[in-house]
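Residue-level structural notes
Residues per chain, in single letters:
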There are 2 protein chains.
Amino acid sequence: MPTYKAPLRDIRFLMNEVLDYTTHYQTLSNGDLADADTIDMILEGAADFCENVIAPLNQSGDAEGCHWQDNNVTTPKGFKEAYDIFVQSGWQGLSYPVEFGGQGLPMSLNLIKSEMMGTANWSFTMYPGLSMGCMNTILQFGTDEQKQTYMPKLVEGSWSGTMCLTEPQCGTDLGQVKSKAEPQADGTYKISGTKIFISAGEHDLTENIIHIVLARLPDAPAGTRGISLFIVPKFIAHEDGTIGDRNPVFCGSIEHKMGIRASATAVLNFEEATGYLIGEPNKGLHAMFTFMNTARIGTAVQGIAHAELSFQGALPYAKERMSMRALSGKKDPDKVADAIIHHADVRRLLLTQKAVAEGGRAMIYHAAQLADKMTDALLNGDNAAFEAYDDKLGFYTPILKGFLTELGLESANNGMQVFGGHGYIKEWGMEQIARDARIATLYEGTTGVQALDLLGRKVLLSSKGKVVREYTAEILKFCGRHARNKYMRRFVWDLTKICAQWNTLTLRIMLTARKDRDIVSSASVDYLMFSGYAMMAYFWAQQAAVASEKLEKGDGKEEVDFYKAKIKVADFYFERLLPRTQGHAEAMVNPSRGITSLKAEHFSFDY
Amino acid sequence: MPTYKAPLRDIRFLMNEVLDYTTHYQTLSNGDLADADTIDMILEGAADFCENVIAPLNQSGDAEGCHWQDNNVTTPKGFKEAYDIFVQSGWQGLSYPVEFGGQGLPMSLNLIKSEMMGTANWSFTMYPGLSMGCMNTILQFGTDEQKQTYMPKLVEGSWSGTMCLTEPQCGTDLGQVKSKAEPQADGTYKISGTKIFISAGEHDLTENIIHIVLARLPDAPAGTRGISLFIVPKFIAHEDGTIGDRNPVFCGSIEHKMGIRASATAVLNFEEATGYLIGEPNKGLHAMFTFMNTARIGTAVQGIAHAELSFQGALPYAKERMSMRALSGKKDPDKVADAIIHHADVRRLLLTQKAVAEGGRAMIYHAAQLADKMTDALLNGDNAAFEAYDDKLGFYTPILKGFLTELGLESANNGMQVFGGHGYIKEWGMEQIARDARIATLYEGTTGVQALDLLGRKVLLSSKGKVVREYTAEILKFCGRHARNKYMRRFVWDLTKICAQWNTLTLRIMLTARKDRDIVSSASVDYLMFSGYAMMAYFWAQQAAVASEKLEKGDGKEEVDFYKAKIKVADFYFERLLPRTQGHAEAMVNPSRGITSLKAEHFSFDY
């Protein structure tokens, strides 16, 4: 049964040694709040909360699921008590403004906290997680009055929030949204319509739920340019923080899902519920997309969360379970058989999990620094800087979300595979991780949607490949710096090759796309995966560079094994995972007609 | 909600056009029974039974699961009635000897029937499926008396059977089996021990259950050479087909599993149960391995079953669901958006499913012909021929089982992906397919075990690479025959390259393994996957060759679209899936130390 232990040594390796968070925080206007002691307190406090409060509820929450009755939802046993501790400890306000009761710390600390929480119990973490989308929206687009009304309780966590986008007929294609907003004489709106897949849409953890809802005004243009954003509270909120009448937004049912079963996924029926316009009319989708990057990085975390948790479950089993003998000779000669960790193929499964968890964590912690800078620009009212960082993050986001969730799913499945048939049995807890991980490639934009965002929008449309040229130039600069380090030689060589190939592929697709528009879609997922493997390679090389420097300088004497292990996992990544780029490279360059020419009615002749 | 429709046109394409089953049956001593009319009757009868009787129980069976109480197991609602129809229609005895009440038809027809049944409802199919292992064992190793006692009822289906191998401490490593067999004065044995993961180990479908049990005699040598095989019936069986006393083998519980929830997986406690030795003492494992190939091919079927069912679920949804516009311009201009089947990446998901289902089916139907010949040799007492076919099948088996179940799982996940968020919701039925498919890479030997069997045993140890040289020579001969066909040029070229690479890789690993024994394990899964993709390419090329011949000769005028579609899917396979070989090729040649050198205690420094 996997039990969560926060990988604090690994987290500190990234924060202190690889990504130099100390210097980074000094560049932020709120960075002085994030001193070393505060960071330590947060890391250790979060670890304690995750290990002891929410991790123990992960399996029981899955087994019990949520209960729906008469528009109400009850979360699994223990969730309410755990959530109360979460609120009392002030975890929700970590990175939200002091003026609303938060601690005003950089966003990255919130993300790192969320990673630990999500690994310990993803379903639980979704309840406070959805509030963040709601808070971000109100912070940027709300009036002062709206901020005063909603932010303090949301920051405290005694209220929670949601994002109500999807409807039965549309998810990705939000231009099809039908929910209506009828203006009232008092300046409010009556919101009507049905929203589905609303995470944390109804539950018993908080006294109020603040829904951010996409709906159409009566005179709105068709499509994406006619969607506005509304605040629709479950209970009408007064400015003094008290609550009034029940607003007619009702939970008609909750979904029965493959996994994340302790997270309530609500169907919400808005029956002329009172709503308040937030932001400009008809610009709701634009506003929503402002936080797309941070929301998607929040989902990308799920990739590393499930890789990490599945690894933590599989590793002790691999050390204990005895089966057969290693090919190179007995490793546990006194035992009836060798522990399966001595079989090379079992190691391959474990090392893949480890490489994904630690490589992906590095990618996310780096993106978190950009998110910090973006948020900082926002707080300082520096729109140009905000846009610049948002653009930069916009290149990482689809790669992190698309690639890491795919690899997280693979890693979760690896954990089951280490257990053999036992991996399929509920009581071991490994299959739950695979079920929970499965949602990550679907929500917040499927992998296909991320891939089209990356190749179609970010690489081709917005930058004509420049974003890749610039990114690979950064990698090549890194290569130049480390070319003479004996530990780094193979990484430098492989990175140089992969950068050249990345640019060549980009150019080739860009040229082909002039005549073959569909190649942007047919190549997109292969391109996304190629980019992800290339990017993760860079982050493994960075980790290896730091580790080899420590070893050479003799700094890390008492931790030689730790640093050596980092280099070995980097080696593993370059030997066993990076080569997958070659299959993707070969596949993506084919013209799209091999995929598009089969008529829809010829996909089957039997049905 | 996926509803099953037997893909009879595709099945007939393989049987009649690609693999020439008519000629094949003429080579078998029981082949005259399999005339065209009989085959048609079987295909259509099986399709009817699958579509109308068991497919409707697939989702309800999953939702309900099996019930255990006081050693008894109740299967989900409708299973008993469906099983009664199965028995009354004589489906169980299709390929079993006429002398025991069967129809004596070639084994391949049984496999094709099982494929349809397994696609319609894998959980249901496991109950009669396990009986086959039991019947095969009794047929080959049982005394005449044992055959008379058990075979008629098993062939009829009114009794079922199991294979009791796994124990809590061992699955793959059966040398660790502890169950005991104490000889009694009357020539019987008292069997004691606990067996786990016994599919169909207890249920309410039949009046008796015949367990084939691995256990140790008191004087047995340690390890694999000290295991014997016993028949242990749930109720003592008399030779006249009546049943007597309840034998003390009790179902202590059933497992709660991720999927195949309607299939009862029993923990069986043998409490001095009466058993009868079958075959020679201490040679039980050898006997068990006699049927390993056919059992594993039966599991390989699961790969194509779940690819097919998931495709059947996803295809209509992709035609109906409207979202966004295709990159190359509106496809459904009158609709609010284009059907998602017009998005190239959705097509990539669907075509992958289709390529796996139809390519894998060809591989299995080819292996089924070898199984026919093997069985024929057995029935004719031609041991040399039996061994020869078994050897040949032994090369295919790990590839089919390992590769097809991995791709079946991917394909099942593709079906969820086509549905977006809806794929995660139980009522759509797509996530069940992914959960059901997940067991296939675990049981009957994990993918890692198949890979070691292929590379370690079949390719290196038994044949020093000869088996690959011979197989690729066959492919190259095919290439020679089709080199001048314009439709075939690209297939011939790619196959030629892949054959050369397959041999080179084999040789390179063989040479490396002289000093680096562990490379046989570290390279094994990449080698297995490479082999699978190469083999499936050959079977797609064969299908394309037949289709192009039909088109050139103008034979299939009324079916031009059918044949063109086959060639297009072959194209897709060569363009999008075969390239994955390159990642596997690059990964496998690395020395094993990149995987083996990290010490077990250095996999984590935090836990």
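The name that an unreviewed UniProt entry assigns to chain A is 3-methylmercaptopropionyl-CoA dehydrogenase, with the source organism given as Acinetobacter puyangensis. Check the Catalytic activity (unreviewed entry) section of the UniProt entry for chain A; it says "3-(methylsulfanyl)propanoyl-CoA + oxidized [electron-transfer flavoprotein] + H(+) = 3-(methylsulfanyl)acryloyl-CoA + reduced [electron-transfer flavoprotein]".

**Considerations on the overall build of chain A**
Assigned secondary structure in chain A consists of 21 helices and 11 strands. In terms of overall dimensions, chain A is globule-like: its C-alpha atoms have a radius of gyration of 24 Å, near the 25 Å expected for 607 residues. Summarising its shape, the C-alpha atoms of chain A cover approximately 80 × 60 × 60 Å along the three principal directions. When contacts within chain A are restricted to residue pairs at least 6 apart in sequence, those whose partners lie at least 24 apart make up 74%. About 21,300 Å² of surface is accessible on chain A, with carbon and sulfur atoms providing 51% of the total. A gap of 9 Å separates the mean positions of the 62 positive and 72 negative side-chain charges of chain A.

**Description of the relation of the copies chain B and chain A**
The operation relating chain B to chain A is a screw motion whose rotation component is 180°, with 0.0 Å of axial translation and a residual RMSD of 0.0 Å. Here the copies are linked by what is in effect a two-fold axis. Same-surface contact between copies: 100% of interface residues of chain B are shared with the interface of chain A.

**Digging into the interface of chain B and chain A**
In many analyses, interface size is given as the accessible surface area lost on bringing the parts together. Contact residues are listed per partner, giving 105 residues for chain B and 105 residues for chain A. Contact between chain B and chain A buries roughly 9,100 Å² in total, counting both sides, with carbon and sulfur atoms accounting for 59%. Looking at the side of chain B facing chain A, the largest losses of area belong to B:Tyr424, B:Phe603 and B:Tyr607, adding up to 10% of the total buried there. Linking chain B to chain A there are zero salt bridges. Scanning the region where chain B abuts chain A turns up 58 residue pairs in polar contact (both at pLDDT 80 or more).

**As for the UniProt feature "domain: Acyl-CoA oxidase/dehydrogenase middle" (unreviewed entry) in chain A**
The positions that UniProt labels "domain: Acyl-CoA oxidase/dehydrogenase middle" (unreviewed entry) are, in the present scheme, residues 163-271 of chain A. Strand forms 47% of residues 163-271 of chain A and helix 0%; the C-alpha atoms that close the span are 17 Å apart.

**Examining unusual backbone geometry**
Although it is not a glycine, A:Met324 sits at a positive phi angle of roughly 60°. Tracing the sequence through the fold places A:Met324 in the loop between α10 (292-320) and α11 (344-379). For A:Met324, a relative accessible area of 38% gives the class partly exposed. Phi is positive for B:Lys464, which is not a glycine, with a value near 50°.

**Quick word on the state of the cysteines**
Residues and elements named next belong to chain A. All chains considered together, the criterion is met by zero disulfides over all chains. The thiol sulfur of Cys164 is not disulfide-bonded, and the nearest other cysteine sulfur, from Cys134, lies at 9.3 Å. Here Cys164 falls in the buried class, since its relative accessible area comes to 0%.

**Looking at the pattern of salt bridges**
In the structure shown here, the tally under the stated rule is 58 salt bridges over all chains. One salt-bridge network, held together by shared partners, links A:Asp62, A:Arg261, A:Lys426, A:Glu431 and A:Arg435.

**Considering the nonpolar core**
Counting 432 residues, the largest nonpolar core has A:Met116, A:Tyr573, B:Met116 and B:Tyr573 as the members making the most contacts within it. Those residues within four positions of B:Met116 in sequence are excluded, and the remaining contacts are B:Tyr4, B:Ala6, B:Leu8, B:Ile11, B:Leu43, B:Ala46, B:Ala47 and B:Cys50.

**What to know about the environment of B:Asn110**
Residue and element names in this part refer to chain B. Secondary-structure assignment places Asn110 in helix α6 (residues 107-120). Its relative accessible area of 3% is what places Asn110 among the buried residues. Taking the C-alpha atoms as reference points, Asn110 and Ser95, separated by 15 residues in sequence, lie 5.9 Å from one another. Excluding residues that lie within four positions of it along the chain, Asn110 makes contacts with Leu94, Ser95, Tyr96 and Met132.

**Here we look at the UniProt feature "domain: Acyl-CoA dehydrogenase/oxidase N-terminal" (unreviewed entry) in chain A**
In this structure's numbering, the residues bearing the UniProt feature "domain: Acyl-CoA dehydrogenase/oxidase N-terminal" (unreviewed entry) are residues 39-157 of chain A. The distance separating the terminal C-alpha atoms of residues 39-157 of chain A is 21 Å; by composition the span is 67% helix and 5% strand.

**With respect to α11(A)**
Compared with the 52 Å implied by 1.5 Å per residue over 36 residues, the 51 Å span of α11(A) between its first and last C-alpha is a close match. With its phi angle positive at about 70°, A:Gly381 sits one or two positions after the end of α11(A).

**Structural notes on the packing of helix α6 (residues 107-120) of chain A against helix α7 (residues 122-141) of chain A**
Residues and elements named next belong to chain A. One way to put it is that α6 packs onto α7 with a least axis distance of 8 Å and a crossing angle of 155°. The angle between the axes of α6 and α7 places the two elements in the roughly antiparallel class. Taking contact as the criterion, the partners of Met107, Asn110, Lys113, Ser114, Met117, Gly118 and Ala120 in α6 are, on α7, Trp122, Phe124, Thr125, Pro128, Met132 and Asn136. Per-class residue counts for the contact of α6 with α7 are seven nonpolar, five polar and one charged.

**A closer look at the pairing of strand β4 (residues 180-183) of chain A**
All names here are of chain A. In the sheet, β4 pairs with strand β5 (residues 189-199) via four bridges, with the strands oriented antiparallel. For Lys180, the partnering residue across the bridge sits in β5 and is Ser192. What sits between the antiparallel neighbours β4 and β5 is a turn of five residues, in which Gly187 has the positive phi angle 90°.

**Points about the packing of aromatic side chains**
Scanning all chains against the criterion turns up 60 aromatic pairs over all chains. With centroids separated by 5.5 Å and ring planes inclined at 75°, the aromatic side chains of A:Phe605 and B:Phe562 adopt a geometry described as edge-to-face. Residue A:Phe605 is found in the segment after α21 (593-596), and its partner B:Phe562 is found in helix α19 (residues 560-577); the two belong to separate chains. The class of A:Phe605 is partly exposed, set by a relative accessible area of 35%. Taken together, the aromatic side chains of A:Phe395, A:Tyr396, A:Tyr471, A:Phe478, A:Trp502, A:Tyr538 and A:Phe539 make up a single cluster linked through ring pairs. One cation-aromatic arrangement involves B:Arg246 over B:Phe235; the distance from NZ or CZ to the ring centre is 5.6 Å.

**Examining the packing of helix α15 (residues 466-482) of chain B against helix α16 (residues 489-513) of chain B**
Residue and element names in this part refer to chain B. The N-to-C vectors of α15 and α16 enclose an angle of 165°; their axes lie 10 Å apart at closest approach. In terms of orientation, α15 lies roughly antiparallel with respect to α16. By crossing handedness, the relation of α15 to α16 is classed as left-handed. Seen from α15, the contacting residues are Val468, Arg469, Tyr471, Thr472, Ile475, Leu476, Phe478, Cys479 and His482; seen from α16, they are Val492, Leu495, Thr496, Cys499, Trp502, Asn503 and Thr506. A class-by-class count of the residues in the contact of α15 with α16 yields 10 nonpolar, five polar and one charged.

**Description of the domain arrangement of chain A**
Structurally, chain A comprises domain 1 (34-289), domain 2 (291-445) and domain 3 (464-596). Inter-centroid distance (C-alpha atoms) of domain 1 of chain A to domain 3 of chain A is 37 Å.

**A short note on the side chain of A:Gln450**
With respect to the element layout, A:Gln450 can be found in helix α14 (residues 447-461). Apart from residues no more than four positions distant in its own chain, A:Gln450 is found in contact with A:Arg296, A:Thr397, A:Pro398, A:Lys401, A:Gly402, A:Glu444, A:Gly445 and A:Leu528.

What counts, and where the lines are drawn
Residues numbered from 1 in each chain as written. Chains lettered and ligands numbered in written order. Predicted model: local features only at pLDDT ≥ 70, side-chain atom pairs only at ≥ 80, totals over all residues. Heavy atoms only, no water. UniProt positions renumbered as here; feature names shortened; annotations may be inferred. Helix = DSSP H or I, 4+ residues; strand = E, 2+ residues; numbered from the N terminus. Rg over C-alpha atoms; globule rule 2.2 N^0.38 Å. Contact = heavy atoms within 4.5 Å. Areas by Shrake-Rupley, 256 points an atom, 1.4 Å probe, with all protein chains shown as cover. Lys, Arg positive; Asp, Glu negative; His and termini not counted. Charge placed at Lys NZ, Arg CZ, Asp CG, Glu CD. Least-squares fit on C-alpha atoms with pLDDT ≥ 70 in both. Buried area = accessible area lost by both parts, 1.4 Å probe. Salt bridge = Lys/Arg side-chain N within 4 Å of Asp/Glu carboxyl O. Polar contact = N/O pair within 3.5 Å; in protein donor to acceptor, adjacent residues only side chain to side chain. Buried < 20%, exposed > 50% of the residue type's maximum accessible area, 1.4 Å probe, protein only. Disulfide = S-S within 2.5 Å. Core = buried A, V, L, I, M, F, W, Y, C linked by side-chain atoms within 4.5 Å. Expected span 1.5 Å × (residues − 1). Axes fitted to C-alpha atoms, helices over the stretch in contact; angles between N-to-C directions. Parallel < 35°, antiparallel > 145°, perpendicular 65-115°, else oblique. Nonpolar A, V, L, I, M, F, W, Y, C, P; charged D, E, K, R; others polar. Pairing = 2+ DSSP bridges. Phe/Tyr/Trp six-rings, centres within 6.5 Å; stacked < 30°, edge-to-face > 60°. Lys NZ or Arg CZ within 6 Å of the ring centre and 35° of its normal. Left-handed = near helix turned anticlockwise from the far one by under 90°. Domains from an automatic or database assignment.

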